[in-house]
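# Coordinate inspection notes
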Amino acid sequence: MISSPSSYLAILILLISISLTKSASIEENFVQCLSFYSDKAAPFYASIYTPNNASFNNILNSSAQNLRYLVPSAPKPEFIFTPLTDSHVQVAVTCSKKLGIHLRVRSGGHDYEGLSYVSEIETPFIIVDLAKLRDVNVDIGDNSAWIQAGATIGEVYYRIHEKSDVHGFPAGLCTSLGVGGHITGGAYGSMMRKYGLGADNVLDAKIVDANGNILDRKSMGEEFFWAIRGGGGGSFGILLWWKIKLVPVPKTVTVFTVTKSLEQDASKIVHKWQEVAPTIDENLFMRVIIQPAASTANKTQRTITTSYNAQFLGDSEKLLQVMKESFPELGLTKQDCTETSWIKSVMYIAGYPNDTPPEVLLEGKSTFKNYFKAKSDFVREPIPETGLQGLWQRLLEEDSPLMIWNPYGGMMNNFSESDIPFPHRNGTLYKIQYLTLWQDGDKNASKHVDWIRKLYNYMTPYVSKFPREAYVNYRDLDLGMNKKNSTSFIQATSWGNMYFKDNFNRLVKIKTKVDPENVFRHEQSIPPLPVSTMQLKDKKCKRWE
Ligand SMILES: Cc1cc2nc3c(=O)[nH]c(=O)nc-3n(C[C@H](O)[C@H](O)[C@H](O)COP(=O)(O)OP(=O)(O)OC[C@H]3O[C@@H](n4cnc5c(N)ncnc54)[C@H](O)[C@@H]3O)c2cc1C
């Protein structure tokens, strides 16, 4: 990158030439700027896709998870840039800032509200898609790995397993998550009760900041480093690499799924689960997947099924002992249990059929692409059985609803609420994820969205309060949005407190320091304090006078 004072003349020439080509397209100006700043050894020309390019739709749709944001009426980017090197990302930030082009960054495309590939509040915009930056370098001797933002978490798991069968990493259950967006929002998974979140196990990082510099932990400083481990994607810079700490896993891991319907006492069992799952042996992660299904007693009727889907870091004998002591109500038997390796257990929880080879993880493909709306809650007191009955009734009213309850406790209690920006720690029994899925595009979308909003209202008395907590990685624009071209601290408090509790103010302070001009922004990005933005604009004008 050019940064020496002697290059000012060249920059001036570039600015003049850009202003002379005002009539040129955003893409042409961007290409001109990229050519100017780029390292000639790393050509970028084949990495820009405009809507005229035959591959544009394929690239746009490739990793996008929520089909709701791919409907024809959703705003489309001017073009997609897929950097091939770290320096391409640097230059993309520099050029989008210089040209005033709004930029969205995408790693794995799993954002619930499509924020990495759709800008509802600000057009035109471009996408910087990191899909081609996906190296994973595992160093078993050092118990660590450097992983590039565009890699999926499944690729990371595979590369660890390739080198060792007694190492793992505690992050997401869904293997197609991009590590760029995933870890920066927390990253929980089946080993969270044993080792905490992915973000709790980050040792270092490399990020492109708002000035186009690449910073590591040392050069960014501890405050900046704190913010990117849980403060959510798209607010502080573009993450290039994480250095993660590997954790020990046993050679034998046991998995099971046991399903109970309402006819099989599901309400009583799930009621008990609320107390058991967060306090049981921390080697056991036992989530519950709750959804309507055809009743076995009467095929014309629907019932509610509760599926206990679990990973135990140990053998089945020990697991059966733990379950007998703490949760005999589930009636787990030896036949329900499968002993396997850690990597296979990860694939089991992700939903792959038993005989799938681990190499499938290298394809980085998603097993989940839907039209959906989701919301989240954290539960601190068990929901009474009467509350559960009302919940079942509401689930039965919707076509294709789903709830996933993830138990907390264990290691999650050992971190303080401010160790990283993710604050949902001691006292949390479990997290609820509500989902409604549909297949018919935007035809009946509002009906489904209304349903989930009503369900969320119904749950108010049973979940965390002051604030009602929500998981930032389950982005929910119902909680509030930044306005077009502007962000207000007061507005952002509405969702900021829910995602980050008292950490929100600290995130705002850090944002104000590292990105006062709000280069990295989206519908729910952390706002810089407005006063300093104004001061900065004044300063900038004076400098150019
Ligand atoms: C099917 C499914 C399963 C999921 N399972 C889990 C789970 O088990 N555990 C869990 O914790 N979460 C889970 N999530 C939520 C997931 O962690 C978040 O959606 C996460 O943000 C996805 O990251 P991504 O890179 O794939 O998404 P993207 O859509 O690419 O990015 C998400 C956000 O981060 C920003 N961003 C992306 N890359 C970067 C970068 N390099 N630097 C800075 N900002 C960036 C984007 O602009 C966007 O705002 C799941 C989501 C889905 C759809």
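Just so it is clear, the model here is predicted, and its values are computed rather than measured.

Definitions and limits used
Residues numbered from 1 in each chain as written. Predicted model: local features only at pLDDT ≥ 70, side-chain atom pairs only at ≥ 80, totals over all residues. Heavy atoms only, no water. Disulfide = S-S within 2.5 Å. Helix = DSSP H or I, 4+ residues; strand = E, 2+ residues; numbered from the N terminus. Buried < 20%, exposed > 50% of the residue type's maximum accessible area, 1.4 Å probe, protein only. Pairing = 2+ DSSP bridges. Domains from an automatic or database assignment. Contact = heavy atoms within 4.5 Å. Buried area = accessible area lost by both parts, 1.4 Å probe. Salt bridge = Lys/Arg side-chain N within 4 Å of Asp/Glu carboxyl O. Near = heavy atom within 4 Å. Polar contact = N/O pair within 3.5 Å; in protein donor to acceptor, adjacent residues only side chain to side chain. Areas by Shrake-Rupley, 256 points an atom, 1.4 Å probe, with all protein chains shown as cover.

This part takes up the state of the cysteines. Overall, the coordinates contain 1 disulfide when judged by the stated rule. Paired by a disulfide, Cys 33 and Cys 95 hold their sulfur atoms 2.2 Å apart. With the S-S bond torsion at -90°, the cross-link from Cys 33 to Cys 95 turns out left-handed. Here Cys 33, found in helix 2 (residues 26–37), pairs with Cys 95, found in helix 4 (residues 86–99); they are 62 residues apart in sequence, far enough to count as distant. The exposure class assigned to Cys 33 is buried, which follows from its relative accessible area of 0%.

Here we take up the sheet that holds strand 2 (residues 80–81). Taken in spatial order, the 4 strands make up an open sheet running 1-2-4-3, and their pairing is mixed. Looking at which strands have only one partner, the edges of the open sheet turn out to be strand 1 (48–49) and strand 3 (102–106). Sheet topology places strand 3 next to strand 4 (residues 125–129); 5 bridges connect them, and they run parallel. Along strand 4, the bridge assignment pairs Leu 103 with Ile 126.

Before going further, it helps to examine the domain arrangement of the chain. The domain boundaries assigned to the chain delineate domain 1 (5–132), domain 2 (136–248), domain 3 (253–340 + 370–462) and domain 4 (480–544). Here domain 2 and domain 3 have C-alpha centroids that lie 27 Å from each other. Tallying the contact residues gives 20 residues for domain 2 and 28 residues for domain 3. Interface of domain 2 and domain 3: buried area, both sides summed, is about 1800 Å²; carbon and sulfur atoms make up 60% of it. At the surface where domain 2 touches domain 3, the tally comes to 1 salt bridge. With its nearest N and O atoms 2.8 Å apart, the salt bridge here joins Asp 200 to Arg 425.

Another aspect to go through is helix 12 (residues 342–350). Among the 9 residues of helix 12, 7 are classified as buried, and the element is accordingly described as predominantly covered. Along helix 12, the residues classified as buried are Trp 342, Ile 343, Ser 345, Val 346, Met 347, Ile 349 and Ala 350. Buried-residue contacts for helix 12 involve helix 5 (153–163), strand 7 (167–168), strand 12 (253–261), strand 13 (284–294), strand 14 (302–312) and strand 15 (338–340). Positive backbone phi, approximately 100°, marks Gly 351, located one or two places after helix 12.

The immediate surroundings of the ligand are formed by 31 residues, with Val 105, Ser 107, Ser 116, Leu 173 and Tyr 471 found nearest. A distance of 2.9 Å separates an oxygen atom of the ligand from a polar backbone atom of Gly 109. A distance of 2.9 Å separates an oxygen atom of the ligand from a polar atom in the backbone of Gly 178. Look at the ligand: alone it shows 950 Å² of surface, and the protein chains cover 96% of it. When contributions to the shell around the ligand are tallied by element, the ones reaching two or more residues are strand 3, helix 6 (179–183) and strand 10 (238–245). The leading source of residues in the shell around the ligand is helix 6, at 3 residues.

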